[in-house]
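# A structural walkthrough
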Amino acid sequence: MNRTTRDRDEEGRARNARPRDGLGRPLPHGAEGVARQPEGVVRTPDETLREAQRLLDAGMPFHAHEVFEDAWKSGPEAERDLWQGLAQLAVGLTHAARGNREGGARLLRRGADRVTSAREGPGHESVYGIDVGGLVAWARELADRVEAIGTELDAAAEAPRLRRTGA
């Protein structure tokens, strides 16, 4: 295929500019999609958690994953497991909402494990108010349910609370 007819960035890597729905699925060219998250945004941990929670509550876990991805790429090395784990939880919810039973459950469990290991880092729970225990329990319970039901679910209705109440 001719490179000029494909969507590529300056380095020639494939880039998909097709519109996407709230779960990040490509829509037909010309369809009206959901605005994509800008890439490379540097936020404070508080801003990251607020924006990700807003997107999760809106049923857009794919977009929340992108917010967490920015945090892991721009944040300190010591926090990488925390942000990667949170991104995996969001992607797990995305796959579960799309009906991908196996992928959703696997990513939810992988994210729970990574967030648990991050707990041993520099006090993420107390510093950022993240409810690590609650998130891990939510992810494991949802993974079990996703495997059992094997159908799409409502991402907004299943959205986790990232922070402890009052944080």
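Check the entry above for the structure.
Parameters at a glance
- Residues numbered from 1 in each chain as written.
- Predicted model: local features only at pLDDT ≥ 70, side-chain atom pairs only at ≥ 80, totals over all residues.
- Heavy atoms only, no water.
- Helix = DSSP H or I, 4+ residues; strand = E, 2+ residues; numbered from the N terminus.
- Contact = heavy atoms within 4.5 Å.
- Phe/Tyr/Trp six-rings, centres within 6.5 Å; stacked < 30°, edge-to-face > 60°.
- Buried < 20%, exposed > 50% of the residue type's maximum accessible area, 1.4 Å probe, protein only.
- Expected span 1.5 Å × (residues − 1).

Counting through the fold element by element, histidine 65 comes out in helix 2 (residues 61-74). Here histidine 65 is in contact with Ala87, Ala90 and Val91, once residues within four sequence places are set aside.

Next up on the list: the packing of aromatic side chains. Across all of its chains, the model carries two aromatic pairs by this definition. Summarising the aromatic geometry, the rings of phenylalanine 68 and tryptophan 83 are spaced 6.2 Å apart at their centres and angled 25° between planes, so their arrangement reads as stacked. Separated by 15 residues along the polypeptide, phenylalanine 68 in helix 2 and tryptophan 83 in helix 3 (residues 80-98) bring together distant segments of the chain. The class for phenylalanine 68 is buried, based on a relative accessible area of 1%. By the ring-pair criterion, three or more aromatic residues cluster together here, those being Phe68, Trp83 and Tyr128.

The terminal C-alpha atoms of helix 3 lie 27 Å apart, and with 19 residues this matches the ideal 27 Å at 1.5 Å per residue to within 8%. Counting buried residues in helix 3 gives 15 out of 19 residues, a clear majority hidden from the surface. Directly after helix 3, the chain includes glycine 99, whose backbone phi takes a positive value near 95°.

What is shown is where atoms sit, not what they do.
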